[in-house]
Structures are given as structure tokens and as C-alpha cells.
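# Secondary and tertiary structure notes
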Amino acid sequence: SPPVFISHGERDEVLPIEACSRRLVPLLQSQGLDVTYYEFEGGHTIPTEVGRKAFAWFLGLDAVIETQGAKVRS
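Here's a quick rundown of the structure. (Residues numbered from 1 in each chain as written. Predicted model: local features only at pLDDT ≥ 70, side-chain atom pairs only at ≥ 80, totals over all residues. Heavy atoms only, no water.)

### Describing the nonpolar core
Ile6, Ile17, Val25, Val35 and Tyr37 together form the largest nonpolar core, which totals five residues. Contact partners of Ile6, with chain neighbours within four places excluded, come to Ser21, Val25, Leu28, Val35, Thr36, Tyr37 and Tyr38. (Core = buried A, V, L, I, M, F, W, Y, C linked by side-chain atoms within 4.5 Å. Buried < 20%, exposed > 50% of the residue type's maximum accessible area, 1.4 Å probe, protein only. Contact = heavy atoms within 4.5 Å.)

The structure is reproduced here in C-alpha cells:
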């Protein structure tokens, strides 16, 4: 199974976090997927720092770039 990166804004009004990521991430993890999940303050957007973190994760450089303001949830 491929690893999965998910980020979600805590104040997303388009796709509410409770109905989406907070429900789907545990489901994916229960299926054995390796999920990296970041919640950030904000809405239906991708903040620059989270975009950088996602790109670094994709390249396998996850530990190189710090994401400020994001909370890792497992």
C-alpha cells in the first residue's frame, strides 16, 4: 500500500474536518495504510508551510522542512 499524506484546515467550511479527515484518517489507518496527517488552523486552503511539508514528504525529505503551526495527529 502506498503511504498517504493528508492535511486539513480546522475551520474548513467546504469539507468539514469532523466529517472528512477526522473520520477518514482512522479508517485508512485501520486498513493498514501509513498515513501522515496534519491539521492546521485555517479553512479550505493549503498554507505555504503545509504545501512545503507535503512536497518534502513526497520527496522523502520529511525531517528536513519544519512545518510551523501544524499539529501531527496519529
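Let's pick the thread back up.
### With respect to the packing of aromatic side chains
A full pass over the atoms with the stated rule returns two aromatic pairs. Between the aromatic rings of Phe5 and Trp57, the centroid separation amounts to 5.4 Å while the plane-to-plane angle is 50°, which identifies the pairing as tilted. Taken as a pair, Phe5 in strand 1 (residues 4-9) and Trp57 in helix 2 (residues 48-59) lie far apart in primary sequence, 52 residues in all. A relative accessible area of 18% means that Phe5 is categorised as buried. (Phe/Tyr/Trp six-rings, centres within 6.5 Å; stacked < 30°, edge-to-face > 60°. Helix = DSSP H or I, 4+ residues; strand = E, 2+ residues; numbered from the N terminus.)

### Re helix 2
With 12 residues, helix 2 ought to run about 16 Å at 1.5 Å a step, and its terminal C-alpha atoms sit 17 Å apart, in line with that. For helix 2, the set of buried residues is Val50, Lys53 and Ala56. Projected down its long axis, helix 2 carries its buried residues within an arc of 125°, all on one side. Along helix 2, the residues that are exposed and aim more than 90 degrees away from the buried face are Thr48, Arg52, Phe55 and Phe58. Structurally, helix 2 contributes buried residues whose contacts are with strand 1 and strand 2 (35-40). (Expected span 1.5 Å × (residues − 1). Arc of directions from axis to C-beta.)

### Let's talk about the pattern of salt bridges
Considering all chains together, one arrives at three salt bridges under this definition. Arg11 is the partner of Glu41 in a salt bridge, and the nearest nitrogen-oxygen pair spans 3.9 Å. Placement of Glu41 in the loop between strand 2 and helix 2 and of Arg11 in the loop between strand 1 and helix 1 (21-30) is noted, with a sequence separation of 30 residues between them. Here the two residues Glu41 and Arg11 agree in accessibility, since each one is exposed. As a salt-bridge pair, Arg22 and Glu39 come within 2.9 Å of each other at their nearest N and O atoms. Here Arg22 is found in helix 1, whereas its partner Glu39 is found in strand 2, with 17 residues between them in sequence. Note on Glu39: relative accessible area 0%, which makes it buried. (Salt bridge = Lys/Arg side-chain N within 4 Å of Asp/Glu carboxyl O.)

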